[in-house]
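Per-entry structural report
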Amino acid sequence: MASPPPSAAPARLVVLVSGSGTNLQALLDAIGDDPEGYGAQVVAVGADRHGTAGIERAERAGLPTFVCRVGDHATREDWDAALTGAVAEHRPDLVVSAGFMKIVGKEFLAAFGGRIVNTHPALLPSFPGAHGVRDALAYGVKVTGCTVHFVDDGVDTGPIIAQGVVEVTEEDTAEGEAALHERIKEVERKLLVEAVRRLARDGYRIEGRKVHLGHVGE
Ligand code: GRF
């Protein structure tokens, strides 16, 4: 699977958030007022809940926002269809799941498969799921980090785009999950900004589990 050849127009990004939105903010800061230079622009931000700092950041940036809550729909499939519709309205080239704490369903994957980028606070395939930082700490690993990857129908199982490493030190106790997560997020924000830049500007090809950056058409 390959991305369309990069064009002169910046790629359209829809970013999905659930929390504080610092990864979203890093993208917005990197794009600044030069989407052509970066190769992409954020065209909308969506969330799965009301009142997130991520949505507030988007509003401050003057971006269209939407909220699509599971609880507002009769079934998970209905929610997935509504989310798919809300994202599709903004005609994204890439969908960036930046701390979006929901697993998307079949319809969403059918619409945007191969174009959904997720960021995860652990070195996949170790410690997938909602508690990657806590699980890595509990396991006693000496290094952990973050993974930017494409989303497939598993939980944090899709092809890996980029990874960053963070050392776990003696000071990282089980109670220190938040502090370790903050150190991971410092690396994660830069990794995500650079990965999206390269996907958008240089194009990419997904072959099985391998993601090739900048090799479209070869
Ligand atoms: C990130 O570490 C992401 O990997 C995880 O939640 C965090 C989101 O942070 N799933 P933020 O909302 O971008 O600040």
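Each remark here, short or long, concerns the structure printed above.
To start, this report covers the structure provided alongside it. (Residues numbered from 1 in each chain as written. Predicted model: local features only at pLDDT ≥ 70, side-chain atom pairs only at ≥ 80, totals over all residues. Heavy atoms only, no water.)

1. Details of the overall build of the chain
Within the chain, the regular secondary structure consists of seven helices and nine strands. Over its C-alpha atoms the chain spans a radius of gyration of 17 Å, differing by no more than 12% from the 17 Å that the globule rule assigns to 218 residues. Across its three principal axes, the chain shows a C-alpha extent of roughly 50 × 45 × 35 Å. Carbon and sulfur atoms make up 52% of the accessible area of the chain, which totals about 10400 Å². Charge centroids of the chain, computed over 22 positive and 31 negative side chains, lie 1 Å from each other. (Helix = DSSP H or I, 4+ residues; strand = E, 2+ residues; numbered from the N terminus. Rg over C-alpha atoms; globule rule 2.2 N^0.38 Å. Areas by Shrake-Rupley, 256 points an atom, 1.4 Å probe, with all protein chains shown as cover. Lys, Arg positive; Asp, Glu negative; His and termini not counted. Charge placed at Lys NZ, Arg CZ, Asp CG, Glu CD.)

2. Section: the sheet that holds strand 6 (residues 143-150)
Strand order in the open sheet made by the seven strands is 3-2-1-4-5-6-7, with mixed pairing throughout. Where the open sheet ends on each side, the last strands, each with one partner, are strand 3 (65-67) and strand 7 (160-167). The average undirected angle you get between the axes of adjacent strands in this sheet is 20 degrees. Relative to strand 6, strand 5 (residues 116-120) runs antiparallel, the two sharing four bridges. Across the sheet, the residue bridging to Val 117 is Phe 150, located in strand 6. (Pairing = 2+ DSSP bridges. Axes fitted to C-alpha atoms, helices over the stretch in contact; angles between N-to-C directions.)

3. What about the nonpolar core?
As a rule of thumb, soluble globular proteins bury nonpolar side chains together. Counting residues in hydrophobic clusters, the biggest one holds 47 residues, and the most contacted among them are Val 15, Val 45 and Ile 161. When residues of this core are assigned to their parent elements, the largest contribution, nine residues, is made by helix 7 (residues 177-202). The two domains that each donate at least three residues to this core are domain 1 (9-112) and domain 2 (120-147 + 163-213). Not counting residues within four places of it along the chain, the set of residues in contact with Val 45 comprises Val 15, Val 17, Leu 24, Ile 55, Ala 58, Leu 63, Pro 64, Thr 65 and Phe 66. (Core = buried A, V, L, I, M, F, W, Y, C linked by side-chain atoms within 4.5 Å. Buried < 20%, exposed > 50% of the residue type's maximum accessible area, 1.4 Å probe, protein only. Domains from an automatic or database assignment. Contact = heavy atoms within 4.5 Å.)

4. Some points on the packing of helix 1 (residues 22-31) against helix 3 (residues 53-60)
Look at helix 1 against helix 3: their axes get within 9 Å of each other, and the N-to-C directions meet at 20 degrees. Relative to helix 3, the element helix 1 lies roughly parallel. Contacts from Thr 22, Leu 24, Gln 25 and Leu 28 in helix 1 reach Gly 54, Arg 57 and Ala 58 in helix 3. In terms of residue class, the contact of helix 1 with helix 3 is made up of three nonpolar, three polar and one charged. (Parallel < 35°, antiparallel > 145°, perpendicular 65-115°, else oblique. Nonpolar A, V, L, I, M, F, W, Y, C, P; charged D, E, K, R; others polar.)

5. Regarding the site of the ligand
Among the 13 residues in the neighbourhood of the ligand, the closest are listed as Ser 20, Thr 22, His 181, Lys 185 and Glu 188. Here Gly 21 contributes a backbone N or O atom positioned 2.7 Å from an oxygen atom of the ligand. Across the complex, the protein chains shield 91% of the 370 Å² of accessible surface that the ligand would expose by itself. The cavity where the ligand resides is the largest pocket. For the shell around the ligand, the secondary-structure elements that each account for two or more residues are helix 1, strand 5 and helix 7. The element best represented in the shell around the ligand is helix 7, accounting for three residues. (Near = heavy atom within 4 Å. Polar contact = N/O pair within 3.5 Å; in protein donor to acceptor, adjacent residues only side chain to side chain. 1 Å grid on protein atoms, 1.4 Å probe; cavity = no way out; pocket = protein on both sides within 12 Å on 5 of 7 lines; lining within 4 Å. Sits in = over half its atoms within 2 Å of the grid points.)

6. Re the pattern of salt bridges
What the rule picks out here adds up to eight salt bridges. The residue Arg 134 makes a salt bridge to Glu 177 at a minimum N-O spacing of 3.3 Å. Residue Arg 134 is located in helix 6 (residues 132-139), and its partner Glu 177 is located in helix 7; the two are separated by 43 residues in the primary sequence. When the shortest N-O distance is used, the salt bridge between Arg 197 and Glu 194 registers 2.9 Å. Placement of the pair is Arg 197 and Glu 194 together in helix 7, with a separation of three residues, close to one helical turn. Owing to a relative accessible area of 38%, Glu 194 belongs among the partly exposed residues under this scheme. What you see here is one network of salt bridges that share partners, running through Asp 48, Arg 49 and Lys 102. (Salt bridge = Lys/Arg side-chain N within 4 Å of Asp/Glu carboxyl O.)

7. Quick notes on the layout of surface pockets
Taken as a whole, the largest pocket holds about 760 Å³ of empty space. In terms of lining residues, the largest pocket is bounded by 40 residues, among which Gly 99, Phe 100, Met 101, Asn 118 and Thr 119 are the most central. Among the elements of the structure, helix 1, strand 5, helix 6 and helix 7 are those that each provide at least two residues to the lining of the largest pocket. Composition of the lining of the largest pocket by domain shows at least three residues from each of domain 1 (9-112) and domain 2 (120-147 + 163-213). (Points joined across faces, edges and corners; volume = space filled by probe spheres on them.)

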